[in-house]
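One letter stands for each residue in the lines below.
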There are 2 protein chains.
Amino acid sequence: GTNGVESLDYEVIENYAYREEQAQRGRLFVIYQVAVKWFFALLIGVGTGLAAVFINISVENFAGWKFELTFKIIQHSYFAGFILYVLFNLVLVFSSVYIVTQFAPAAAGSGIPEIKGYLNGVEIHGILFFRTLIGKIFGSIGSVGGGLALGKEGPLVHTGACIASLLGQGGSKKYHLNSRWLQVFKSDRDQRDLVTCGCAAGVAAAFRAPVGGVLFALEEVTSWWRSQLMWRVFFTSAIVAVVVRTAMGWCRSGKCGHFGSGGFIIWDISDGQEDYSFQELLPMAVIGVIGGLLGALFNQLTLYVTYWRQNYLHKRGNRVKIIEACIISVLTSIISFGLPLLRRCSPCPEADPTAGIECPRPPGMYGNYVKFYCRNDREYNDLATIFFNTQDDAIRNLFSAKTVHEFSAPSLLSFLVMFYTLAVVTYGTAVPAGQFVPGIMIGSTYGRLVGMFVVKFYHKPNIEEGTYALLGAASFLGGSMRMTVSLCVIMVEITNNLKLLPLIMLVLLISKAVGDAFNEGIYEEQARLRGIPLLESRPKYRMRKMTAREACGNQKVVSLPRIVKVSDLVSILHSNKHNGFPVIDHARNGETLVIGLALRSHLLVLLQTKEDFQHSPLPCDTQSGTGIIRHHFTEFVKPASSRGLSIEDIHLNSDDLEMYIDLAPILNPSPYVVPEDMSLTKVYNLFRQLGLRHIFVVPRASRVIGLITRKDLLIEE
Amino acid sequence: GTNGVESLDYEVIENYAYREEQAQRGRLFVIYQVAVKWFFALLIGVGTGLAAVFINISVENFAGWKFELTFKIIQHSYFAGFILYVLFNLVLVFSSVYIVTQFAPAAAGSGIPEIKGYLNGVEIHGILFFRTLIGKIFGSIGSVGGGLALGKEGPLVHTGACIASLLGQGGSKKYHLNSRWLQVFKSDRDQRDLVTCGCAAGVAAAFRAPVGGVLFALEEVTSWWRSQLMWRVFFTSAIVAVVVRTAMGWCRSGKCGHFGSGGFIIWDISDGQEDYSFQELLPMAVIGVIGGLLGALFNQLTLYVTYWRQNYLHKRGNRVKIIEACIISVLTSIISFGLPLLRRCSPCPEADPTAGIECPRPPGMYGNYVKFYCRNDREYNDLATIFFNTQDDAIRNLFSAKTVHEFSAPSLLSFLVMFYTLAVVTYGTAVPAGQFVPGIMIGSTYGRLVGMFVVKFYHKPNIEEGTYALLGAASFLGGSMRMTVSLCVIMVEITNNLKLLPLIMLVLLISKAVGDAFNEGIYEEQARLRGIPLLESRPKYRMRKMTAREACGNQKVVSLPRIVKVSDLVSILHSNKHNGFPVIDHARNGETLVIGLALRSHLLVLLQTKEDFQHSPLPCDTQSGTGIIRHHFTEFVKPASSRGLSIEDIHLNSDDLEMYIDLAPILNPSPYVVPEDMSLTKVYNLFRQLGLRHIFVVPRASRVIGLITRKDLLIEE
Ligand SMILES: Nc1ncnc2c1ncn2[C@@H]1O[C@H](COP(=O)(O)OP(=O)(O)OP(=O)(O)O)[C@@H](O)[C@H]1O
Ligand SMILES: Nc1ncnc2c1ncn2[C@@H]1O[C@H](COP(=O)(O)OP(=O)(O)OP(=O)(O)O)[C@@H](O)[C@H]1O
Ligand SMILES: [Mg+2]
Ligand SMILES: [Mg+2]
């Protein structure tokens, strides 16, 4: 296909080799297979959990050292501190972009659109390679640690998916890390189930939100879902939670440096506002509308930025990509260091011993009220509190309750504008980048702004600005990503305040509705831009009036006879790029009969191995069964980390070209068919719901052999 | 079909009437329809929320008065108090069983298996009637208020589904509560989407757990799911949460009697244990195993009990049902009053002012340490604390933290045995009955027992018995209902302690796995017993080796010609009970051609209206389009609250019988077809995933007209 996009086959190809294999399976093998599935779910959970811990430890330590050092140096010289800060960031970002451009180009970006595409049925070349995994892990340490306006959550989802996929093929062949006995799963379908688990594990690890992970996998990424799978996905998420929690418990005593200080709940606001009055619903709705508008704008702007990058900037090679990332890094450093310098410090509020919040915060710690470029000792810089800080800590400060009037409106506004711009500009640079945390940053800033006005005008003691910040965060994510249930659960799990659930729901509903009026969600938009052909769950309205035949246009079907001459086959495969060919045979009475579908990849295997070549153009007897199945069904399995065979790779001598092949043993004998005048809506549903790759459009049948109803399918085991 | 079970048609019948209707639709009508869908989602939320509030107010007030009065009277005479208690319960239970047996027989039981069946594709007669709704609401007030060992959660799900279904058909025709302009939704499919919303609303209202509601609808009841629907279901749940919360806020000042004292979170244990050590995982796993065993045993016992009731006891008529319920009521009263009398009181623990728990609890209030039949003033009866109490309060006491050593092992054990027995015996009486709350009772009892041992042996200060009670509850529900994600979220939402999530997950995984080794979940078992033919999501293993033709057996297909003589049609409809008939026509060249599927219900409409009768056996011209569509497509819609037409209802004179009908305008021109040798696994997936009712098995096609791939379906609007 074009630009490395290829469809997957979620349908089971029931050819003779497969049936043979099925027949030979003992009860024991089935049990073994189920056990391996669960074992893999466990491994995916452990692997993703450990990857997340590793990334977190690295990022938090790099960022921790950076700020510790900088704060130490600016005691003496702001200029020296500034230089150190810029260089530190630059080195990290450079290493990230270097790894990505030189070693793992598929690791750039968030990866979620690609994974979405994979689970929808199209594979993008390179997206699940071992090198992509490595690039993703180390690249995101650099890009997040280097203080860019991006997050590590999207990359973690991709990481989980890579781990799952690599496990599924039994390790990476290229790096000789594979093992034969793990290669139980051979179909695209099993592979896809594992990747679904990996996605959920990624979200569960990124947000320490196991239920949110399951829902994310369900709502956002998978196009096809079975309830048996839910159970396994759930297990994987639970494992991730246990692994991360255990690691954090182990790190608590300071063994891991700066890591683990935040606790299992990332931004705990369980001490925040629990109640709300009807009056407050209005400002909350306003937050929803703002979220929808800003989110849709964000999607649109990033679309333009990515389009420009894709078609102009990044065409000029890796050097440009590296320079670009470095420029953005320096820019980000300058703004985040410089802007707070311009801001006048505010005096600390009167100490409130019950809240336990010190002002200014003690040096070398996390917390509110950062002292930065202040003359007076009991002063703090509100802009530095959010800007000159890691994103995690900034969000914690924005969400914090009991800190009324900490931030001033001008600070929040200037931060909002600057950070929004940075996030848009950073989007699409050649580093691993997630949109969750920047989205939360943006959202919580305007949320807190609205909260300040509410506090000012409503004069109620129980209103917390932090709660509004949380709602703002939810609204921006809703307006940009257009998720509902999963986002809601993730927000609750990361903040540990269940009582705000109805409010989060409300805000999300509004922001999604507003956003939907303008464009699609960011993942869909990006997928479209990258040429990933996603099939939505809903058929298009136009399809109601079209029939299956109309959808085929006036295509001339390229089909194969059952016994095909090798030279003919080669020339057919050369003459087009189709991946599936109907196979037509002649019945005894001379009529033609469609006997199945042959996949290009299977035909290529036949041509390569040459085992099936025969001298006579007569069918081998499929009834007797002897000597037909020369292939084990695993031979037909496409290796996940390579492009598979191509017709150009196959070289046959002139003797070979004169031989024949009987296609009967390898073809899929019963692809799904639709009558020519079925409406396209129905065809679409069939295609999409069952995860198909090819459907035959056939003439109306001449008779009905039988009718299958529910009763016929109620077969007891 | 047998015992009132009939299949639903989730497929859109694209006959001429439907196409006509589609063609006439303006853009405005589509917008109107979408708006109505959302409006209905809102109404379902409001309706279910209000129903839940009404049920809760009634139940809590009845129960409150009952215990208040009884406690007052036993100050003077235990015997008089006992009589009052028994009578009060008896009256409530009698009214419940009377309503159900005389007025709404379909309201008996939990209703979840039936709703599951409906969403799987089979309708059970009467399950969504208006009278069932009324019976369910008032019946469950009686049965729950009357202190039986059952809950109101299952019935609330059914209530939500009824409300949704009634809205969908624009009110109840029978009771003249319908309105024409609301009748926008005419297909089984739209109806089903509404019922899905209703289910989620029911759970959201029952547990005040909106996310749990969405997940329950997704995981447990629906067989078929679209992501667009999720969004609407989510909205409904959010509305329910807002309605219930608002009502509770309004009631807080005591306007609603005993209602609303518990707060929005039913059993808040956010002050409970937050941390756990690895040592504790062992007893927690033990809880999981116990839950799996007891849950599976519960399913098996209730299966026997229901089987016996269904086949012997309840065949003897309503009188027996009423007597049975009354006997069980008296028995329950005697045990719950009498057993605590036998138990010696324990001295109160030393007062702990920080915990804020008084011992014994002040009269007329809720709380731990109930004083019942104690001689000493500073004594309490631990058995009465759980047994002589509403289930809600008992669970609150069992879950409560900071009350170590409140319960003694013998009390908990004897309660466990008695309550388990009562729950099994009560299951299947002719009253609305849920299994959630009894399950939580049972589970939390043995959970607390295990917790007591852990506290005793591990000597750790931070272990709470209440946490173990919660885990026990989760394990029993997991072992009985076999839900995973939704149950987990519900448990978290009702207890407001997110940090226990991984533990709940672990326990659930174990108990479900253990339970699955013995039998199926309670809803599946009950559905099977009631003859509801559920299609599981996974095809049976045997199907891999079967073909579509084998599934049809040697059935002789009953088909119709395009132009059928009325007398022939009538005799065909009389001669069998099939609901779908292939229609065969002759092409110009004399070959036969399958032109579609005619549904019995549509044929009956034709026979009844007689509008299409014609004298000549010649086809009307479908191309010109004039005069063919004599029916509006709504005429073919089966009324949801009646059995629809039957061939016995149709009376034709001899002139009519000599006429002809052209079936072309009313038939479904493109039912899904499968080639005869497709494996049954694939057929099953097609049938199940697309929610079909009929599939034609046809001979292999003679040629392929076209091939549809992903590219052909990427049509822009
Ligand atoms: N064997 C065939 N004969 C004729 N047309 C075909 C054949 N296979 C596919 N097409 C058509 O060619 C167009 C391009 O499809 P393409 O060849 O990419 O399909 P494919 O490669 O088999 O499927 P995919 O690209 O999704 O893996 C589509 O419109 C499709 O209908
Ligand atoms: N038109 C028909 N001709 C012959 N056999 C049929 C026909 N319709 C259904 N059957 C077969 O009869 C058996 C009983 O099915 P039944 O008649 O109940 O189907 P139905 O009523 O059309 O579908 P359902 O009961 O699910 O609504 C099934 O095995 C089915 O395959
Ligand atoms: Mg292609
Ligand atoms: Mg039937």
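Procedures and definitions
Residues numbered from 1 in each chain as written. Chains lettered and ligands numbered in written order. Predicted model: local features only at pLDDT ≥ 70, side-chain atom pairs only at ≥ 80, totals over all residues. Heavy atoms only, no water. Domains from an automatic or database assignment. Buried < 20%, exposed > 50% of the residue type's maximum accessible area, 1.4 Å probe, protein only. Helix = DSSP H or I, 4+ residues; strand = E, 2+ residues; numbered from the N terminus. Pairing = 2+ DSSP bridges. Core = buried A, V, L, I, M, F, W, Y, C linked by side-chain atoms within 4.5 Å. Contact = heavy atoms within 4.5 Å. Buried area = accessible area lost by both parts, 1.4 Å probe. Salt bridge = Lys/Arg side-chain N within 4 Å of Asp/Glu carboxyl O. Nonpolar A, V, L, I, M, F, W, Y, C, P; charged D, E, K, R; others polar. Near = heavy atom within 4 Å. Polar contact = N/O pair within 3.5 Å; in protein donor to acceptor, adjacent residues only side chain to side chain. Axes fitted to C-alpha atoms, helices over the stretch in contact; angles between N-to-C directions. Parallel < 35°, antiparallel > 145°, perpendicular 65-115°, else oblique. Left-handed = near helix turned anticlockwise from the far one by under 90°. Phe/Tyr/Trp six-rings, centres within 6.5 Å; stacked < 30°, edge-to-face > 60°. Lys NZ or Arg CZ within 6 Å of the ring centre and 35° of its normal.

Participant: Before we move on, can you summarise the domain arrangement of chain A with the specific residues and values?
Facilitator: Assigned domains within chain A: domain 1 (2-11 + 37-529) and domain 2 (545-713). Inter-centroid distance (C-alpha atoms) of domain 1 of chain A to domain 2 of chain A is 46 Å.

Participant: Quick one: what's the story with the pairing of strand β8 (residues 592-599) of chain B, residue by residue and with numbers?
Facilitator: Residue and element names in this part refer to chain B. With 6 of 8 residues buried, β8 is to be regarded as a mostly interior element. Bridge count between strand β7 (residues 580-586) and β8: 7 bridges; the pairing is antiparallel. In the strand pairing of β8, His586 is matched with Thr592. Between β7 and the antiparallel strand that follows it, β8, lie 5 residues; Gly590 among them carries a positive phi value of about 90°.

Participant: Describe in detail the nonpolar core, supporting the description with residues and values.
Facilitator: Counting residues in hydrophobic clusters, the biggest one holds 294 residues, and the most contacted among them are A:Phe399, A:Phe436, A:Ile504, B:Phe399, B:Phe436 and B:Ile504. Membership of the second largest hydrophobic core comes to 44 residues, among which are A:Ala548, B:Met543, B:Val674 and B:Leu686.

Participant: So what's going on with the interface of chain A and chain B? Residues and values would help.
Facilitator: Many analyses report the size of an interface as the accessible area lost when the parts associate. The interface is formed by 120 residues belonging to chain A together with 121 residues belonging to chain B. Both sides of the chain A and chain B interface together cover about 11300 Å² of buried area, and 65% of this is carbon and sulfur. Three residues stand out in chain A for area buried against chain B, namely A:Trp231, A:Ile708 and A:Arg710, and they jointly supply 8% of the buried area on that side. For the pair chain A and chain B, the interface holds 0 salt bridges. Of the residues belonging to the side of chain A that touches chain B, the class tally is 70 nonpolar, 22 polar and 28 charged. Of the pairings in the sheet, the one linking strand β11 (residues 695-698) of chain A to strand β12 (residues 706-708) of chain B comprises 3 bridges and is antiparallel in character. Its bridge partner lying in β12(B), A:Ile695 is registered against B:Ile708.

Participant: A description of the site of ligand 2 should follow, citing residues and the corresponding values.
Facilitator: Taken together, 16 residues sit near ligand 2, with A:Lys711, A:Asp712, B:Ser7, B:His578 and B:Asn579 positioned nearest. At the site occupied by ligand 2, the surrounding residues belong to chains A and B. In the environment of ligand 2, an oxygen atom lies 2.8 Å from a nitrogen or oxygen atom belonging to the backbone of A:Leu707. Sorting the residues of the shell around ligand 2 by element identifies α25 (710-713) of chain A together with β7 of chain B as the ones contributing at least two each. Of the residues belonging to the shell around ligand 2, the class tally is 4 nonpolar, 7 polar and 5 charged.

Participant: Describe the packing of helix α3 (residues 78-103) of chain B against helix α11 (residues 318-342) of chain B, naming the residues involved and giving the relevant values.
Facilitator: All names here are of chain B. With their axes 9 Å apart at the nearest point, α3 and α11 run at an angle of 150° to one another. Put simply, α3 runs roughly antiparallel to α11. You can see that α3 and α11 cross each other, and the crossing is right-handed. Residues that form the contact of α3 with α11 fall into these classes: 16 nonpolar, 8 polar and 1 charged.

Participant: Give a description of the pattern of salt bridges that names residues and reports values.
Facilitator: Residues and elements named next belong to chain A. Enumeration over the complete set of coordinates arrives at 36 salt bridges over all chains. One salt bridge connects Asp377 with Lys371, and the closest N-O pair in it is separated by 3.3 Å. Since its relative accessible area comes to 56%, Asp377 is described here as exposed.

Participant: Talk me through the sheet that holds β12(B); I want residue IDs and the actual numbers.
Facilitator: The sheet built from 3 strands is open, its strands ordered β10(A)-β11(A)-β12(B) with mixed pairing. The open sheet has two edge strands with one neighbour each: β10 (673-675) of chain A together with β12 of chain B. When the angles between neighbouring strand axes are averaged without regard to direction, this sheet yields 30°. As paired strands, β10(A) and β11(A) are joined by 3 bridges and run parallel to one another. Its bridge partner lying in β11(A), A:Pro675 is registered against A:Val698.

Participant: Got a sec to walk through the packing of aromatic side chains? Specific residues and values, please.
Facilitator: Throughout the structure, instances matching the rule amount to 50 aromatic pairs over all chains. Note on A:Trp38 and A:Phe235: the rings are 5.2 Å apart at their centroids and 65° apart in plane angle, and the pair reads as edge-to-face. Taken as a pair, A:Trp38 in helix α2 (residues 27-74) and A:Phe235 in helix α9 (residues 227-251) lie far apart in primary sequence, 197 residues in all. According to the relative accessible area criterion, A:Trp38 is partly exposed, its value standing at 26%. Each residue in the set A:Phe67, A:Phe71, A:Tyr78, A:Phe82, A:Tyr85, A:Phe337, A:Phe372, A:Tyr373 and A:Phe388 is aromatic and connected to the rest through ring pairs, giving one cluster. The ring of B:Trp250 is capped by B:Lys255, whose NZ or CZ atom sits 4.8 Å from the centre of that ring. Stacked on the ring of A:Trp231, the Lys or Arg B:Lys512 has its end atom at 4.8 Å from the ring centre.

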